[in-house]
Amino acid sequence: MPETSVAHFYDELADDYHLIYADWDASIRRQGDALDALIGQDHAAVLDCSCGIGTQAIGLALRGHQVTGTDISPRAAARAAREAADRSLSLPTAAADMRRLPFADGRFDSVVCADNSLPHLLTEQDVTAALAEMRRVLRPGGRLLISTRPYDELLRDRPTSTAPQVSRVADGGERTVTFQLWHWHEDGERYDLEHFQLLPDGGEWRVQVRRATYWALGHDLLAGLAAAAGFVAPEWRMPQDTGFFQPLLVARAGT
């Protein structure tokens, strides 16, 4: 998928992204707590290289980490900075492609790439380029945390939709509904996604549809690519063990 298309998808979604959560603030806290436990040190210098509107980055900043956020979507990255400021947090952000990170070598203690962001890259070459950049900006021994959908399971079943997620705009406010339709490619690994949001509009429903493409990266393949990029002992940690909502690939940068 061309990077401009990914940026456009998230630019369009930026204002409504929080509506994919039943309670965004609760998700910020819960995800921040889970990732903090895996980072395993206080006041770490953390790069969230797919920060979106700040769900994980703000959660980690609330835990006392020094977080920098980048995202391919300028609108999403800008919103993340605003949301952090509204919570009296510092979160420097910038628009950047994870394959070309604008930071010096060894700057960060940990790199986070969460919420199924890496699978927007559709070729092994692009995934390898992103992993190499994450390795480059990590100090030796630094921690890598990547989350994806549970693709080993999804590759077996190849679902065509997700269950509707209902959210309220505010306490007691009107409901919004989010769901996805998936259209699998002939290769059985990549799929086009239609992201539907039903938004209340004067007693009627306004429908927003946004489209993206993903690569359903199996766990063994992604762990192998991480090892080839210089990460040591890549290991998948499951939601029941971490409290995070997606499987997490955890590894350390080699020395």
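Our subject in this report is the structure included herewith. Quantities reported herein were computed from a predicted structural model and do not represent experimental measurements.

### Focus: the overall build of the protein chain
Part 1: Within the protein chain, the secondary structure is distributed over eight helices and eleven strands.
Part 2: Taken over the C-alpha trace, the protein chain has a radius of gyration of 18 Å; the compact-globule value for 255 residues is 18 Å, and the two agree within 12%.
Part 3: Here the protein chain holds 255 residues, and the buried ones make up 53% of them.
Part 4: The long-range fraction of contacts in the protein chain, counting pairs at least 24 apart against all pairs at least 6 apart in sequence, stands at 64%.
Part 5: On the protein chain, roughly 11,200 Å² of surface is accessible, and the fraction owed to carbon and sulfur atoms is 48%.
Part 6: Within the protein chain, the 36 negative side-chain charges are centred at a point lying 3 Å from the centre of the 25 positive side-chain charges.

### A look at the pattern of salt bridges
Opposite charge on two side chains lets them pair, provided their charged atoms get close.
Part 1: If you walk through the whole model with that rule in mind, you get 16 salt bridges.
Part 2: Between Arg 79 and Glu 83 there is a salt bridge, and its shortest N-O distance comes to 2.9 Å. Pair noted here: Arg 79 and Glu 83 are both in helix α4 (residues 74-86), with a separation of four residues, about one helical turn.
Part 3: For Arg 79, a relative accessible area of 9% puts it in the buried group.
Part 4: The exposure class assigned to Glu 83 is buried, which follows from its relative accessible area of 13%.
Part 5: One salt bridge in this structure joins Arg 87 and Glu 83, with 2.8 Å as the shortest N-O distance.

### What to know about helix α7 (residues 219-228)
Part 1: Among all positions of α7, only His 219, Leu 222, Ala 223, Leu 225 and Ala 226 are buried. Each buried residue of α7 sits inside an arc of 160 degrees when the element is viewed along its axis, so together they form one side. Exposed side of α7, more than 90 degrees from the buried face: Asp 220 and Ala 228 are the residues found there.
Part 2: Where α7 is buried, its residues contact α5 (124-137), β5 (138-147), α6 (151-157), β10 (231-237) and β11 (248-253).
Part 3: Two residues or fewer past α7, Gly 230 is found with a positive phi of approximately 105 degrees.

### Brief notes about the packing of α5 against α7
A packed helix pair is summarised by two numbers, namely the angle formed by the two axes and the spacing between the axes.
Part 1: α7 packs onto α5 with a crossing angle of 50 degrees between their chain directions and a minimal axis gap of 9 Å. With respect to their mutual orientation, α5 and α7 come out oblique. Here α5 runs over α7; the crossing is right-handed. In contact with Glu 124, Val 127, Thr 128 and Leu 131 of α5, α7 contributes Leu 221, Leu 222, Leu 225 and Ala 226.

### A word on the sheet that holds strand β4 (residues 108-113)
Part 1: Overall, mixed pairing links the seven strands, which are arranged β3-β2-β1-β4-β5-β11-β10 in an open sheet. Of all strands in the sheet, those bounded by a partner on one side alone are β3 (93-95) and β10. Ignoring strand direction, the axes of neighbouring strands in this sheet form an average angle of 15 degrees.
Part 2: As paired strands, strand β2 (residues 66-71) and β3 are joined by three bridges and run parallel to one another. Within β3, the residue paired with Gly 69 across the bridge is Thr 93.
Part 3: Sheet strands in contact with α4 are β2 and β3, and its direction is about 175 degrees off that of β3.

### Describing the nonpolar core
Across soluble globular proteins, nonpolar side chains have a tendency to be buried as a group.
Part 1: Counting 43 residues, the largest nonpolar core has Leu 145 and Tyr 191 as the members making the most contacts within it.
Part 2: Element by element, the count of residues in this core is highest for helix α2 (residues 24-39), at six residues.
Part 3: Apart from the residues lying within four places of it in its own chain, the contact partners of Tyr 191 are Asn 116, Arg 149, Tyr 151, Trp 182, His 183, Trp 184, His 185, Ala 212, Thr 213, Tyr 214 and Ala 216.
Part 4: Residues Val 127, Leu 131, Leu 222 and Ala 226 belong to the second largest nonpolar core, which totals 32 residues.

Calculation rules
- Residues numbered from 1 in each chain as written.
- Predicted model: local features only at pLDDT ≥ 70, side-chain atom pairs only at ≥ 80, totals over all residues.
- Heavy atoms only, no water.
- Helix = DSSP H or I, 4+ residues; strand = E, 2+ residues; numbered from the N terminus.
- Rg over C-alpha atoms; globule rule 2.2 N^0.38 Å.
- Buried < 20%, exposed > 50% of the residue type's maximum accessible area, 1.4 Å probe, protein only.
- Contact = heavy atoms within 4.5 Å.
- Areas by Shrake-Rupley, 256 points an atom, 1.4 Å probe, with all protein chains shown as cover.
- Lys, Arg positive; Asp, Glu negative; His and termini not counted.
- Charge placed at Lys NZ, Arg CZ, Asp CG, Glu CD.
- Salt bridge = Lys/Arg side-chain N within 4 Å of Asp/Glu carboxyl O.
- Arc of directions from axis to C-beta.
- Axes fitted to C-alpha atoms, helices over the stretch in contact; angles between N-to-C directions.
- Parallel < 35°, antiparallel > 145°, perpendicular 65-115°, else oblique.
- Left-handed = near helix turned anticlockwise from the far one by under 90°.
- Pairing = 2+ DSSP bridges.
- Core = buried A, V, L, I, M, F, W, Y, C linked by side-chain atoms within 4.5 Å.

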